Each structure stands twice: as structure tokens, then as C-alpha cells.
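Descriptive structure summary
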Amino acid sequence: MSAETLPRVDAPTRRTPGPGAKPKPWGQIASQVFLIVASVLWLLPIAFALYVAIRPYSDTRKYGYVSMPHHITFQNFRDAWTQSDMLHFFWNSVLITVPAVIIVLCLASGVAFVLTRVNVKVNIALLILFTAGNLLPQQVIITPLYRIYLKITLPHFLSSSGLMYNSIFGLIVINVAFQLGFCVFVLSNYMKSIPGEMYEAALVDGASLWTRFWRLTLPLCRPALAALATLLTTWIYNDFFWAITLMSSGDKRPVTSALANLQGQFVSNQNLIAAAAMIAAVPTLVVYILLQKQFIAGLSLGSSKG
């Protein structure tokens, strides 16, 4: 029998799923369920605060906060705006947040550039030092910091009290000090992803160190700076701890800590406080909406080299 007449037997081939084949859905279903549960848990306190804010105080006092609403009103929002003088405290928050964000980004970008593009033996040690500063809890140093703020004197145009304590300048300084390490860490990692050939070409063209920083590095870091600006605005604006401990005058405090002015000595109108808290959260939402594209781009770009 010749080889041509023998029956042809093909080796069994292993079928691989094509591009249109659907994988097992269990992992996808579990991830979707997890995201839904996490989103609900995240939004539940906000939804409850809004629910309390649109109910009159007499309704919750009679039926309780966890009950079906009998009346819906927006009077709490109007009372919170007028009774707490929120426009004045909003301005205090602006005076603290805007300078602090600008100073942090300026200092962090300069420090990160030196740590990544200037050959100094202590670069790694300095980066570890800035990063380690983020590991220090705020509550640990509040007692010595409070005493230091009572000792440092300032000119009258920076502090009406003449001290670092009870001044807007003091809050700016402490926010800059605590946010600087994180921004240096993020920007240094981002600047490392910039190709070194660009700096070599700039050196060949005779660009100085300042030119390489100002005209080459900073324009490429705009997404990262926008993302950090969004985070810093949210963190510094929402700060409550420093404003309560390092400031005694209620009219100088930012809007977040000024909400305590709505609380009486014996009776607390939680409906009014909830409405004021919802109003105070509006600026951070506006900042995030305006910088949303830059924020997402800053988080995704620079995550991988090459």
C-alpha cells in the first residue's frame, strides 16, 4: 500500500477562543458588583446629608432623621447662607487655598526638577526625606507646633495678632509644609518619564538650567500640575484640623471650620448644618469639573516609561 492511499490523520488541534468569544463572566460580574457596592457606600453619606438638608428641623425633631419625609423645603439652604455669613468664610478659604496651592506647586516643581535632572549626591536622601514627611501624622506634632506658633512673631500686614498663631498666613505655611512632600514625590516620578534626549539636545543648543526647567520641563508637566492642583485644592479647602487648632478667631476661619458657628450651645440644628455643608462642597465640585480632563490625563500620563 502506497503512502498516497493511506488515510490522512490530522493531529488534534487545540481550539483557542477567537476575538469574539466571551470569557467566563464570573470575574467581570464580581468586579461590577464590587464597584456598585463601593459607589453606593461612597455616595450614601452625601445622599443622606442632602436628604437631611431638605427637611425642616421640626419634621426631623418629631419623626427622627431616619424617617419618611413629611415636608420638603429649601429654607435650610437660605438660612445657612444668611445666618452663617458664608460669603465671608468662602473668601477666607480662597485666601488660604489659592496661595497655598500656588506656592506648593512652584516649590515642588523646582525641587523635583533638581532631584531628577541635577546630579547631586544627596538627591536620593532628599527624596526620601520629602517622602517620609508624608508619613508623619498631623496629630503627633500639634502640641509642639502650637507652642511654636505662639512664639513666632509676624509683621502686622501678615498677622493682625502679631503672631503666627491665629493668622491666615500661619494656615498657608502649615498646609504648604504638609503637602509639599507628596507633590515632590509625584512630580519627580513624572519628570523621570521625560526622555533624557530632550535635555541633551537642549544642552547642545546652549540652554541654561533655568531654560530647561521653565521652557522645557514645566510645559510637559502641565497634566501632572493640573492633577495636583485639583487634589491640593480639595485637600486644603476641606481642611478642618489646622483651622480649628491654629486659629482662635471665628471670623478668620475657612468655611469648613466655620460650620461650627451654626451649632448652638444646647441645641444643634443638624438640618441647617447639613445644608451649609452641601453649600460648602460646591466649590470643590466646580474645580473638579473644570479640571476633569487634565486631572485624568495627569493620573494616566507618566505612569509608564517609554
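Refer to the structure above for everything that follows.
Residues numbered from 1 in each chain as written. Predicted model: local features only at pLDDT ≥ 70, side-chain atom pairs only at ≥ 80, totals over all residues. Heavy atoms only, no water.

1. Quick word on the overall build of the chain
Test applied: Think of it this way: any DSSP run of H or I at least four residues long counts as a helix, any run of E at least two long counts as a strand, and we number them from the N terminus. Exposure categories follow from relative accessible area, calculated using a 1.4 Å probe and restricted to protein chains: below 20% of the type maximum is buried, above 50% is exposed, and the middle band is partly exposed.
Across its full length, the chain holds 15 helices and zero strands. The proportion of buried residues among the 306 residues of the chain is 34%.

2. Points about the nonpolar core
Stated formally: What makes a nonpolar core is a set of buried Ala, Val, Leu, Ile, Met, Phe, Trp, Tyr and Cys residues whose side-chain atoms join them at distances within 4.5 Å. Note on contacts: a residue pair is in contact if any heavy atoms of the two residues lie within 4.5 Å.
With 44 residues, the main nonpolar core has Leu105, Tyr149, Leu171, Ile174, Leu187, Trp242 and Leu246 as its most contacted residues. Of all the elements in the fold, those that place two or more residues in this core are helix H4 (86–117), helix H6 (142–151), helix H7 (168–192), helix H8 (196–204), helix H9 (209–220), helix H10 (222–237) and helix H11 (241–245). By residue number, the principal contributor to this core is H7, which donates 11 residues. Discounting residues that sit within four places of it in the chain, Ile174 has contacts with Leu145, Tyr149, Trp242 and Leu246. Grouped together as the second largest cluster of nonpolar side chains are 20 residues, Phe77, Ala258, Ala274 and Ala280 included.

3. Focus on helix H13 (residues 270–280)
The element H13 is largely enclosed, with a buried count of eight among its 11 residues. Residues Asn271, Leu272, Ile273, Ala274, Ala275, Ala276, Ile279 and Ala280 constitute the buried set of H13.

4. Focus: the environment of Tyr165
By the element assignment, Tyr165 lies in the loop between H6 and H7. Sequence separation of Tyr165 and Ser248 is 83 residues, and the distance between their C-alpha atoms is 8.3 Å.

5. Quick look at the packing of aromatic side chains
The relation between two aromatic rings is expressed through the spacing of the ring centres and the mutual angle of the planes. Keep this limit in mind: Side-chain rings of Phe, Tyr and Trp, where Trp is taken by its six-membered ring, are said to pair if the distance between their centres is within 6.5 Å; with planes under 30 degrees apart they count as stacked, over 60 as edge-to-face, and otherwise as tilted.
As enumerated under the stated definition, the model contains 11 aromatic pairs in all. Ring centres 6.4 Å apart and planes at 35° place the aromatic pair Phe48 and Tyr51 in the tilted group. Residue Phe48 and its partner Tyr51 are both found in helix H1 (residues 26–53); the two are separated by three residues, about one turn of the helix. Classification of Phe48 as partly exposed rests on a relative accessible area of 38%. Accessibility expressed as a relative area gives 22% for Tyr51, which makes it partly exposed. With centroids separated by 5.2 Å and ring planes inclined at 50°, the aromatic side chains of Phe178 and Trp242 adopt a geometry described as tilted. Taken together, the positions of Phe178 in helix H7 and Trp242 in helix H11 put the pair 64 residues apart, joining distant regions of the chain. Residue class for Phe178 comes out buried when judged on its relative accessible area of 16%.

6. Here we look at the packing of helix H5 (residues 123–132) against H7
Under the convention used in this document: To obtain an axis, a line is fitted to C-alpha atoms, over the contacting stretch when the element is a helix, and the angle between two such axes runs from 0 to 180 degrees between their N-to-C directions. Should an angle fall under 35 degrees it is taken as roughly parallel, and over 145 as roughly antiparallel, whereas 65 to 115 is taken as roughly perpendicular and any remaining angle as oblique. Throughout this entry, Asp, Glu, Lys and Arg are counted as charged residues, while Ala, Val, Leu, Ile, Met, Phe, Trp, Tyr, Cys and Pro are counted as nonpolar. The remaining residues, Gly among them, count as polar.
In the contact formed by H5 and H7, the axes pass within 7 Å of each other and the chain directions differ by 135°. When the axis of H5 is compared with that of H7, the two are oblique. Contacts between H5 and H7 involve Leu127, Phe130 and Thr131 from the first element and Leu180, Gly181, Val184, Phe185, Ser188 and Lys192 from the second. For the contact of H5 with H7, the residue count by class is five nonpolar, three polar and one charged.

7. Focus on H9
Threshold: To estimate the expected span of a helix, count its residues, drop one, and scale the result by 1.5 Å.
Its 12 residues give H9 an end-to-end C-alpha distance of 16 Å, which sits within 8% of 16 Å, the value for a rise of 1.5 Å per residue. Among the residues of H9, those classed as buried are Arg212, Phe213, Leu216, Thr217 and Leu218. For H9, the elements touching its buried residues are H4, H7, H8 and H10.

8. Some words on the pattern of salt bridges
Heads up, the condition is: Within this document, salt bridges are pairs made up of a side-chain nitrogen of Lys or Arg and a carboxyl oxygen of Asp or Glu, the two lying within 4 Å of each other.
This structure, assessed with the given rule, holds one salt bridge. For the salt bridge of Arg55 with Asp59, the shortest nitrogen-to-oxygen distance reads 3.6 Å.

9. Points about the side chain of Thr60
Here is the rule we go by: Polar contacts, as used here, are pairs of N or O atoms within 3.5 Å; protein pairs need one atom able to donate a hydrogen and one able to accept it. Residues neighboring in sequence count only if both atoms are side-chain atoms.
Following the sequence through the fold, Thr60 ends up in helix H2 (residues 57–63). Of note is the side chain of Thr60, whose polar atom sits 3.0 Å from the backbone oxygen of Tyr57. Ignoring sequence-local partners within four residues, the contact set of Thr60 consists of Arg55, Tyr65 and Asn271.

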